[in-house]
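Below are the chains, spelled out letter by letter.
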Amino acid sequence: MKHKPRFPWLRRTAVMLLLAAAAAAQVPTAAAARAAAPTPTPGELKPHSISAAYTAGVSSGGYMATQLHVAYSGTFAGSAVFAAGPYGCAQGDLYRAQYACMKTYQDLRLDALERTTRDWSAQGLVDPVANLSGDPVYLFSGSGDATVERPVADALASYYGHFGARVRYDDTTGAGHAWISPLGPNPCTVTRSPYVNACGIDAERDLLGHLTGPVNDPAPAPTGTLVRFDQNRHVPGGSASAVSMDDSGFLYEPAACADGATPCRLLVALHGCKQGYSYQGFGTRFMDTAHLDEYADTNHLLVLYPQAAPTATPDNPNGCWNWWGYLGDSAYARHGGKQIEAIMNMVRALGGAGGGGTEPPAPTTTLTLPSLDAQDGYVKAAPDGSGAEVGTLEAVSGLALGRGGDAKDNRTLLSFDTSRIPAGKEVVRAYLTVTRAGGSGDPWASPAGNRLLLDLRTGCFGSSCTTEAGDWSAPASVPAVAELPAFSSGTRTSTDLSPAALAALAAPDRTGTTQLRLRFASPQPSTAYVFLATSPRPALTVEYR
């Protein structure tokens, strides 16, 4: 957990409805919770002593929670997300939001989303991406969610994992599209208003425990104050409605935090579509049943409930948070996004400190290294590595990977002249780009979920850098440094090389050559392979400063 006591600083919503009863002896019923919910009290946001801040949200609020966390990772120490996908998924495109980020008709291109995050980080458009490493992230997806389908939520888990976050992912229930709470009035598997479902688990204990460490038992009912404040004061330009936000926002302030001096954590909790205060009389139902205020009372936790609101135009009639760029806000997912900055202004007001994010990192230099044709090649062997030999079809078909018609497994070797990386530089990012030349079947699906991994060798795998039979099983300096996602045509980039691989590229005792070996994690049970083109050459892109 990061401690930041002084913060450094969709369009038709048919797009998205983004958004097991609990044991009665342990928690109150949903009806009792609503009866015990605090009445909103007019007030303003005042400074508190904030020891750490986190985001949480469901559906469109889940997307916004991730946007806040990534854009201001210098402020937020972690995030909890129900029923949403990876950062920047929609790329400002309504149809992509529908068909790649809710349904799976389009490839959401996780590798490109991760690359955009790093690019924006290098440009100072989001906080340094290195901040995400080690951050606790709690994710939830139910198998009954037909609004944001399971592979989309899986991609969010992969996204955070590739940046080194500590991900806890609950995908064990049949939940519908909803926030999950013991106080939920809905059965677990449905998707209907108010989109708060009971699944026989205490998801709030799980998420808070993962974000902050062990938590005390919740209070039987909230005893703090629900402050209703004017959001217009915090929205850039002064008009909440102009950015599809409500005039009113809410802060749950437990008695233990009321003096403003006692160190307390802050959780920014974001409702989903059709759950905002002003949506068709929805009111405080999300806040009343989210099961956060009860934990706030016993764990020195402030809960900020910003509110989105419907537009009178077709842009956002269901009051979703902006995760696809409605109302022309092209910066919606990064610094300068209108809703992001409004929420950040609320957070700053609670922290009592100004500023605006961290200083951008030093500029990076990008170096693209084509692979060395004379040293590239592929080797094939039985699945156990026996009978290894050098492949002979490179000049005809390309570099082979997977199981060929001869029942042998193929692995590809690529060599790069990494002496061109200046000595004494910090390598901050590297990735491989390849082009498909042909193939047969789908080796990534044989067996299901197979992964194409990259091993790194400082110097050469064999006795020389030209391809030889022993390269098939020779030890790597750093194994499994990256993964090449499935693709059926064109060009593909790998995930970013691991921190250990970056250190090897920058090591002062490195040789002039670095080799990558591409291999499938599991042998294919039948013929399924891919050929990589030798023209254009595979390329290793390295960024250093």
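Residues numbered from 1 in each chain as written. Predicted model: local features only at pLDDT ≥ 70, side-chain atom pairs only at ≥ 80, totals over all residues. Heavy atoms only, no water.

### A look at empty space enclosed by the protein
Here comes step 1: By volume, the largest cavity amounts to about 40 Å³.
Here comes step 2: Taken together, Leu 208, Thr 212, Val 215, Arg 265, Asn 299 and Leu 301 make up the full set of residues lining the largest cavity.
Here comes step 3: Looking at the lining of the largest cavity, its residues break down into three nonpolar, two polar and one charged. (1 Å grid on protein atoms, 1.4 Å probe; cavity = no way out; pocket = protein on both sides within 12 Å on 5 of 7 lines; lining within 4 Å. Points joined across faces, edges and corners; volume = space filled by probe spheres on them. Nonpolar A, V, L, I, M, F, W, Y, C, P; charged D, E, K, R; others polar.)

### Quick look at the pairing of strand E8 (residues 225–230)
Here comes step 1: The pairing of strand E1 (residues 41–42) with E8 spans two bridges and is classified as parallel. Looking at the pairing, Pro 42 lines up with Arg 228 of E8.
Here comes step 2: Here E8 runs beside strand E9 (residues 248–253); their pairing, made up of six bridges, is antiparallel. Note on E9: the bridge partner recorded for Phe 229 is Gly 249. (Pairing = 2+ DSSP bridges. Helix = DSSP H or I, 4+ residues; strand = E, 2+ residues; numbered from the N terminus.)

### Section: the confidence of the model for the protein chain
Here comes step 1: For the protein chain, per-residue confidence averages 90 on the pLDDT scale, and residues scoring 70 or more make up 91% of the total.
Here comes step 2: This stretch, residues 1–28, has a pLDDT under 50; its non-local contacts, to residues over four places away or in other chains, come to 134 contacts. (pLDDT = per-residue confidence, 0-100. Contact = heavy atoms within 4.5 Å.)

### Brief notes about the packing of aromatic side chains
Here comes step 1: Inspection of the entire model under this criterion finds 17 aromatic pairs.
Here comes step 2: Relative to Trp 179, the ring of Phe 82 has its centre 4.5 Å away and its plane inclined at 40 degrees; by these criteria the two rings are tilted. Of the two residues, Phe 82 is situated in strand E3 (residues 76–82) and Trp 179 in strand E6 (residues 179–180); the sequence distance between them amounts to 97 residues. Grouping residues by exposure puts Phe 82 and Trp 179 together as buried.
Here comes step 3: By the ring-pair criterion, three or more aromatic residues cluster together here, those being Phe 82, Tyr 138, Phe 140, Trp 179, Phe 286 and Tyr 305.
Here comes step 4: Directly above the ring of Trp 472 sits Arg 411, whose terminal nitrogen or CZ lies 3.6 Å from the centroid. (Phe/Tyr/Trp six-rings, centres within 6.5 Å; stacked < 30°, edge-to-face > 60°. Buried < 20%, exposed > 50% of the residue type's maximum accessible area, 1.4 Å probe, protein only. Lys NZ or Arg CZ within 6 Å of the ring centre and 35° of its normal.)

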